[in-house]
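Now for the letters of each chain:
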Amino acid sequence: MSEDRRLDVLRAIVEDYVATREPVGSRALAERHALGVSPATIRNDMAALEEAGLIVQPHTSAGRVPTDLGYREFVDRLTGVRPLSAAEKRAIGTLLEEAVDLDDVIDRAVRLIAQLTHQVAVVQYPSLRRSALRHVELVPVGARHLLVVIITTTGRVEQRTLELTTDLDEAVVARLRVRLNVAAAGLRLADLDGALESLAAEFTPDGEDLARSVVAVVAETLSQEREERVVVAGASHLARSAGADFPHTIGPVLEALEEQVVLLRLLSEMAEDSGGVAVRIGRETQHEGLAETSIVTSGYGGDGSSVAVLGAVGPLRMDYPQTMAAVRAVARYLTRILAG
């Protein structure tokens, strides 16, 4: 059995099983695919694939289905992620570009992934820890209150109000606004402390207290981890897979998807797997509740490195090429929009 034919037979089994949900037999493979060999030869090939642990015979059926290892071999041998159609790309661009703010963008993105893949969609909010500062705006609100508006490169907007003990000097506020943005705009948030540390000293004596208060509130706001959360949509798609794909129950899967800590850990780990599209299959997720699922993810946002991860969760028997294409496409559009 040649390596090329082994891969062709495995690919045909995966494609047919994904399409039909039925175990695949040698005669069906011979009829549906131009493998160039007889059903008897295909049976021998299938026996070799079974011995290698790539396919298995469920119950007493004459057909075979892929194992986790078989799906992994199939995914690893994909020559590339096929592009979406022009119509699908236009639909993604139009829907995301109509978003009014970051929350709306995330909501639209998660619904898009669910619709395109017919799987459960997960989108992690952009992490402040991996973002850069775009702009800080200072807005006097009355004589002794100052609104501090912090905008990151990922579109996050944080607002804080400072209550001061003395009246504001608008000339000092204007100068501080300029100096803050010159010193800090474009820096990764992890690098801001050094840039802001000496800023307050520039405003001695009259404006030092104000400058220190503003610098402190910016640093405190950006050090908080409240943005570390995941939005989930399309859980109803799992119900359509119950029985065939989840022979016991989909309960453990739903419970795992509800655990933000589990999803954040998994998405963070997968962000390290690949600079493009990452796939974990079955027990590769290292979570018992997700042992009968596969997860396809891609990073988005940032300049050269992602600031968050999005993806799709579905049964092992998923359309991997289509899911990978949809996840990659939405990630790319999301990156483009956040960069704008």
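Thresholds, definitions, all that
Residues numbered from 1 in each chain as written. Predicted model: local features only at pLDDT ≥ 70, side-chain atom pairs only at ≥ 80, totals over all residues. Heavy atoms only, no water. UniProt positions renumbered as here; feature names shortened; annotations may be inferred. Salt bridge = Lys/Arg side-chain N within 4 Å of Asp/Glu carboxyl O. Helix = DSSP H or I, 4+ residues; strand = E, 2+ residues; numbered from the N terminus. Buried < 20%, exposed > 50% of the residue type's maximum accessible area, 1.4 Å probe, protein only. Axes fitted to C-alpha atoms, helices over the stretch in contact; angles between N-to-C directions. Parallel < 35°, antiparallel > 145°, perpendicular 65-115°, else oblique. Contact = heavy atoms within 4.5 Å. Nonpolar A, V, L, I, M, F, W, Y, C, P; charged D, E, K, R; others polar. Pairing = 2+ DSSP bridges. Core = buried A, V, L, I, M, F, W, Y, C linked by side-chain atoms within 4.5 Å.

- The name recorded for the protein chain in an unreviewed UniProt entry is Heat-inducible transcription repressor HrcA, from Cellulomonas wangsupingiae.
- For the protein chain, the Function (unreviewed entry) comment in UniProt is given as "Negative regulator of class I heat shock genes (grpE-dnaK-dnaJ and groELS operons). Prevents heat-shock induction of these operons."

## Here we look at the pattern of salt bridges
Then, in step 1: In total, this model carries 21 salt bridges according to the counting rule given.
Then, in step 2: Put simply, Arg64 and Glu50 hold a salt bridge, and the shortest N to O gap is 2.9 Å. Of this pair, Arg64 sits in the loop between strand S1 (55-56) and strand S2 (65-66) while Glu50 sits in helix H3 (residues 39-51), and the two are 14 residues apart along the sequence.
Then, in step 3: One salt bridge connects Glu269 with Arg280, and the closest N-O pair in it is separated by 3.1 Å. With Glu269 in helix H12 (residues 260-271) and Arg280 in strand S8 (residues 277-281), this residue pair connects regions lying 11 residues apart in the sequence.
Then, in step 4: Residue class for Glu269 comes out partly exposed when judged on its relative accessible area of 27%.
Then, in step 5: Taking the relative accessible area as the measure of exposure, Arg280 reaches 12% and is therefore buried.
Then, in step 6: Here the residues in one salt-bridge network are Glu3, Arg6, Glu73 and Arg77, joined through shared partners.

## Considerations on the packing of helix H1 (residues 3-20) against H3
Then, in step 1: Running from amino to carboxyl end, H1 crosses H3 at an angle of 90°, the nearest separation of the two axes being 10 Å. Accordingly, the angle class assigned to the pair H1 and H3 is roughly perpendicular. For the pair H1 and H3, contact is made by Arg5, Arg6, Val9, Leu10 and Ile13 and by Thr41, Asp45, Met46 and Leu49, respectively.
Then, in step 2: Per-class residue counts for the contact of H1 with H3 are five nonpolar, one polar and three charged.

## Some details on the sheet that holds strand S3 (residues 120-124)
Then, in step 1: Read from one edge to the other, the open sheet built from five strands follows the order S7-S3-S10-S9-S8, with strand pairing classed as antiparallel. Looking at which strands have only one partner, the edges of the open sheet turn out to be strand S7 (230-233) and S8. The average undirected angle you get between the axes of adjacent strands in this sheet is 20°.
Then, in step 2: Where S3 and strand S10 (residues 308-315) come together, four bridges link them in antiparallel fashion. In the sheet register, Val120 faces S10, and the bridge partner there is Val313.
Then, in step 3: Helix-sheet contacts for helix H6 (residues 102-117) involve S3, S7, strand S9 (293-300) and S10, and the interaxial angle to S3 is about 150°.

## Thoughts on the nonpolar core
Then, in step 1: Ranked by internal contacts, the top residues of the largest apolar core, which has 57 residues, are Leu29, Ile92, Tyr300, Leu310 and Tyr320.
Then, in step 2: By residue number, the principal contributor to this core is helix H13 (residues 320-339), which donates 11 residues.
Then, in step 3: Not counting chain neighbours up to four residues away, the residues in contact with Ile92 comprise Leu84, Leu112, Leu116, Ala329, Val330 and Tyr333.

## As for the sheet that holds strand S4 (residues 133-140)
Then, in step 1: Pairing within the open sheet is antiparallel, and its three strands lie in the order S4-S5-S6. Only two strands of the sheet have a single neighbouring strand rather than two, namely S4 and strand S6 (157-163). The sheet shows a mean angle of 15° between the axes of neighbouring strands, direction not considered.
Then, in step 2: Bridge count between strand S5 (residues 145-152) and S6: seven bridges; the pairing is antiparallel. The residue bridging Ile150 from the neighbouring strand is Glu158, located in S6.
Then, in step 3: Strands S4 and S5 of the sheet are contacted by helix H7 (residues 170-184), whose axis makes an angle of about 170° with S4.

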